[in-house]
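# Fold and contact review
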Amino acid sequence: MSAQNQQQDSSGPPKGIGPMQRREMWLAYLMLAPTFAIILIIVAGPLLANFWISVKPVQLADLRPPTVLVNERVRGKPAAAGDSAEIQYRLRNSSQDAEVRNVVLTDEVPEGFNVTALPEDCAMSGRDLTCTIGTVDPGWRERLKLEGTVTDAFLAANRPERASKPVIEGDADNILTNFDFSLENFRRIFSADEFWSVLRVTFYYTIFGTGGALVLGLFAAQLLHTTFVGRGFVRGLFLFPYVSPVIAVAFTWVVLFDPFSGTVNALLTKMGVVTDPINFFGQRAIEYSLFGIPMEFPLALTTVIAFEAWRYFPLSFLFILARMQSINTDMYEAAEMDGATPLQQFWYLSLPQLMGILSVLFLLRFIWTFNKFDDIFLLTGGNAGTRTLTVDVYEQGFALSNLGAGAAVAVVVFVVLVTFATLFIRFSPKEEGL
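Residues numbered from 1 in each chain as written. Predicted model: local features only at pLDDT ≥ 70, side-chain atom pairs only at ≥ 80, totals over all residues. Heavy atoms only, no water.

We now examine the pairing of strand E2 (residues 84-93). Among the 10 residues that make up E2, seven are buried, leaving the element largely enclosed by the rest of the structure. As defined by bridge partners, strand E1 (residues 68-75) adjoins E2 across eight bridges and the pair is classed as antiparallel. What sits directly across from Glu 72, in E2, is Tyr 89. Bridge analysis of E2 against strand E7 (residues 141-150) gives nine bridges, and the strand direction is antiparallel. Across the sheet, Ile 87 pairs through a bridge with Leu 146, a residue of E7. (Buried < 20%, exposed > 50% of the residue type's maximum accessible area, 1.4 Å probe, protein only. Helix = DSSP H or I, 4+ residues; strand = E, 2+ residues; numbered from the N terminus. Pairing = 2+ DSSP bridges.)

What follows is the structure, given as C-alpha cells:
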C-alpha cells in the first residue's frame, strides 16, 4: 500500500522548486544585484541622508568639518642678500563652536631663506618645518613667525613662499558623521505657531490647486472631445501653459497683475469694477462682511492657486481626453435614444468611466503640488500668506542656515505624502467594471 502511495505521489505535479530552479533563481538575483544597488543608492540614499540630518543640529557651516586654516605670506621688503625678512603663518579655527585636537603644521621653508628664530612650538629638519600646536579652541587665531635672512636665490624667485603649500593636520568631531542624535529640530518646528499656519496654507494650496487643475482639465477635455474645424490647433493651444518655461509664465502673470502697470488692474479700473488697483500677489487678504460677520478673503493665496490650476490643467486634459476617446460610443447613442440629456450622459455614463483616471491624476497632482516650490517662489517668494512647507524648507535650510530644521520640515513633507498616498490608494474610487 505504501509503495502504491509512493507511486501516486511520484506521478503527481512536483511541489516547490527543484535544485536547478533554485540555482537559476539565485543567479537571476545575482545578475540583478547591481541594478538593485544603483536604484537603492539613487532613491534611498538622499532620503536616508535627509532623515539623518533632520535629527542633528546641523548649520550650513557644518557641511565643512572643523579644521585649522592657514595663510602663508612674507613680511618685510628685502632688497639684497643678507636682508632680514619674516615668514608668517596666519592660522585660525574655521569653527566657532568646536575645538580641533592634535594640530600639526608642516611646510618646506623657501629656498634661500635662512631661519634665525623659530616659534617655541616649531622645529626644523633641513628645510622641513614642523609646528606641534596641539588643541585649539573654537574661534582660535594665531600667528607663527619665522625670522631670517634671504639670499640671492630667494630674491630671484617669484613668490618663493608659494613653492610649497603648508599642510595642517588635526582631529575634530564632525557633527554630520557622529552618532549624537536629537529631536530638537522637530520640537522647534512643531512648537512654532508659524509651522501650523504654513501647514494649513500648504493643504489649501495643494487641495484647491489640484482640484482646479482637474476641473479645468475635465472641462477642456469635454469641450474638445467634440468634432469641429480647427480642433487640432485648439488642442495644441491648450498645451501652452504646461509646455512653457515656468519662469516665463510666472513673469507674465506678475506683469499682468501688477498693481501699477498691469493689464488686469487697468481693465478693472477702466470698467469701474474697482476704484484702486489691487495688489494680487502682494496683498494677504481682503476684508469683507457676510451677514454682519467680518471675514477675510486670502487674495494672494487664491491668485497663486489660480496660477497653479491654469498652468497644470493641460496634463489632466490630455489624460482625460485620451480616456474619453477610448469609451465605447454605443451606450451614448442608446442613452440619447432613451431621451437622456447631455448632462445626464456625462453624469451617469462618462463620469463613472473616468473615475479611475481622475483618481490617478488627483494622486499625482496632489503629490507634485504639495512639493511645488518654484511657482510660489517666483510669484510671491512665500510672502503675503503663501508660504508653504517647501518654501519653509528653503527658508530654514538656506536663508536661516539651519539645515537640520530644513531637513526636519522635509521629513514632515515625506510623512504627510506617504500617509496620504497610502490612504488614498486604499480608499480611492475605481472605474466601473474594474
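On we go.
A word on unusual backbone geometry. One non-glycine residue, Asn 102, adopts positive backbone phi at about 55°. Structurally, Asn 102 is set in strand E3 (residues 100-108). If you check the backbone angles, Arg 159 has positive phi at about 50° while not being a glycine.

Turning our eyes to something else, we now look at the side chain of Asp 375. Looking at where Asp 375 falls in the secondary structure, it is placed in helix H13 (residues 374-379). Despite being buried, Asp 375 has no salt bridge partner; Lys 372 is the closest side chain of opposite charge, sitting 4.2 Å away. Residues within four places of Asp 375 in sequence aside, it is in contact with Tyr 205, Val 246, Phe 307, Glu 308, Arg 311 and Tyr 312. (Lys, Arg positive; Asp, Glu negative; His and termini not counted. Salt bridge = Lys/Arg side-chain N within 4 Å of Asp/Glu carboxyl O. Contact = heavy atoms within 4.5 Å.)

A contiguous nonpolar patch, built from Tyr 288, Leu 290, Phe 291, Ile 293, Met 295 and Phe 297 and spanning about 630 Å² of accessible area, is present on the exposed surface. Elements represented by at least two residues in the nonpolar patch include exactly strand E9 (286-290) and strand E10 (293-297). Considering each element in turn, the nonpolar patch owes the most residues, three residues, to E10. Note that Ile 293 resides in strand E10. (Patch = residues over 30% accessible without salt bridge, like charges linked within 9 Å, V, L, I, M, F, W, Y side chains within 5 Å. Areas by Shrake-Rupley, 256 points an atom, 1.4 Å probe, with all protein chains shown as cover.)

This next bit is on the sheet that holds strand E6 (residues 128-136). The strands making up a sheet are joined through hydrogen bonds of the backbone, oriented either antiparallel or parallel. Spatially, E5-E6-E3-E8 is the arrangement adopted by the four strands of the open sheet, whose pairing is antiparallel. Edge positions in the sheet fall to strand E5 (122-125) and strand E8 (167-171), since each of these pairs with one other strand and no more. Ignoring strand direction, the axes of neighbouring strands in this sheet form an average angle of 20°. (Axes fitted to C-alpha atoms, helices over the stretch in contact; angles between N-to-C directions.)

A few words on the sheet that holds strand E4 (residues 113-117). The strand order E1-E2-E7-E4 describes an open sheet built from four strands, whose pairing is antiparallel. The open sheet has two free edges, formed respectively by E1 and E4, since each of these has just one partner strand. In this sheet, neighbouring strand axes are inclined to one another by 30° on average, regardless of whether the strands run parallel or antiparallel.

This paragraph deals with the pattern of salt bridges. Inspection of the entire model under this criterion finds nine salt bridges. A salt bridge links Arg 159 to Glu 161; the shortest N-O distance between them is 3.0 Å. With relative accessibility at 44%, the residue Arg 159 sits in the partly exposed group. Here Glu 161 falls in the buried class, since its relative accessible area comes to 7%. Among the ionic pairs, Arg 187 bridges to Glu 184, the shortest N-O distance being 3.2 Å. Linking Arg 187 with Glu 184, this pair stays in helix H4 (residues 184-191), spanning three residues, or about one helical turn. Here Arg 187 falls in the partly exposed class, since its relative accessible area comes to 48%. When its relative accessible area of 35% is taken as the criterion, Glu 184 is described as partly exposed.

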